[in-house]
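# Remarks on the overall topology
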Amino acid sequence: MDKSLHALVSRIRQWAWQLGFQQVGISDINLAEEEKQLAAWLAAGHHGEMAYMTKHGFRRSRPAELIPDTCRVICLRMDYLPNARPWQEILDQQDLAYVSRYALGRDYHKLMRQRLKQLAEKIRVDRSAKKSGRVFVDSAPVLEKPLARKAGLGWIGKHTNLISSQAGSWFFLGEIYTDLPLPLDPPAVDH
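Numbering of residues starts from 1 in each chain and follows the order in which that chain's sequence is written. Note on the predicted model: pLDDT of at least 70 is required for a residue's local features to be given, and 80 or more for side-chain atom pairs to be given and counted; whole-chain, interface and lining totals, by contrast, use all residues. Hydrogens and water are ignored here; the side-chain numbers use all heavy atoms of the structure.

### Quick notes on the nonpolar core
Core analysis: the biggest nonpolar cluster contains 27 residues, and Ile12, Ile74, Leu76, Leu119 and Leu182 have the highest contact counts within it. Counting residues per element, the ones that place at least two in this core are α1 (3-18), β1 (23-27), β2 (72-79), α6 (108-127) and β6 (171-178). Helix numbering and strand numbering both begin at the N terminus, where a helix is a DSSP run of H or I of at least 4 residues and a strand a DSSP run of E of at least 2. Considering each element in turn, this core owes the most residues, seven residues, to α6. Leu31, Val142, Phe171 and Tyr177 belong to the second-largest nonpolar core, a separate cluster that totals 17 residues. Buried residues of nine kinds, namely Ala, Val, Leu, Ile, Met, Phe, Trp, Tyr and Cys, make up a nonpolar core once their side-chain atoms join them within 4.5 Å. Relative accessible area decides the class of each residue, using a 1.4 Å probe on protein chains only: under 20% of the type maximum gives buried, over 50% gives exposed, and in between gives partly exposed.

So, in structure tokens, the structure goes:
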């Protein structure tokens, strides 16, 4: 493996931290097992009225078909409102309401997409490349949880959410599809 790519991953981690991400991991794009599970899930009709789940065929499980030349996915975790007021404190006050923690801040799609684009641009400039990769935050057919698991960000619980040993399931996920053959992170251990 090219030593310069190892150094780049160190810089990516540093930049991500500076941009407000709590965790970064690198995954390959082999989702063959996940594709079998997805196909069975769709065949069983578990997607209900979500017709968009079948719209893109297997691009969801084949990143290089969605974005040609993709060979790695940079997966990022951003915790939501880690300094939010304790729920009991809010519920004890008659004039306050309690809503899901993820809904208290700015629209995470916009916030994360902006930060992911900044990170992708830093990578592009660092590599003197013409393109920087493509960023995603719930914006395309991406198997974000399996990719994040493969990148070491957490494991998938029985409730189908990704769980981090540091943040539980209180976080958002974003991805950068890239053609850089970055060194892989080990997958998370299933608990």
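### So, the pattern of salt bridges
Here a salt bridge means any side-chain nitrogen of Lys or Arg lying within 4 Å of a carboxyl oxygen belonging to Asp or Glu. One pass over the full model with this rule turns up nine salt bridges. For Asp185, the salt bridge is made with Arg13, and the minimal N-O distance between the two is 2.8 Å. Of this pair, Asp185 sits in the segment after β6 while Arg13 sits in helix α1, and the two are 172 residues apart along the sequence. For Asp185, a relative accessible area of 18% gives the class buried. The class for Arg13 is partly exposed, based on a relative accessible area of 32%. A salt bridge links Glu33 to Lys36; the nearest nitrogen and oxygen atoms lie 3.3 Å apart. Separated by three residues within a single helix, Glu33 and Lys36 lie in helix α2 (residues 32-43), roughly one turn from each other. Overall, the relative accessible area of 56% leaves Lys36 in the exposed class.

### Some points on the sheet that holds β6
Each pair of strands is called paired provided DSSP finds at least two bridges between the two strands. If you walk across this open sheet you meet the four strands as β1-β2-β6-β3, and the pairing is antiparallel. The sheet is open, and its two borders are formed by β1 and β3 (134-136), each paired with just one other strand. Ignoring which end each strand starts from, the neighbouring axes of this sheet average 20° apart. Of the pairings in the sheet, the one linking β2 to β6 comprises eight bridges and is antiparallel in character. Directly across from Met78, in β6, lies its bridge partner Phe172. Throughout, a residue-residue contact means that at least one pair of heavy atoms, one from each residue, lies within 4.5 Å. The axes are straight lines fitted to the C-alpha atoms, using for helices just the contacting stretch, and the angles between their N-to-C directions are given from 0 to 180°. Packing against the sheet, α1 makes contact with β1 and β2, and its axis sits at approximately 140° to β1. Lying on the sheet, α6 is in contact with β2, β3 and β6; it crosses β6 at an angle near 35°.

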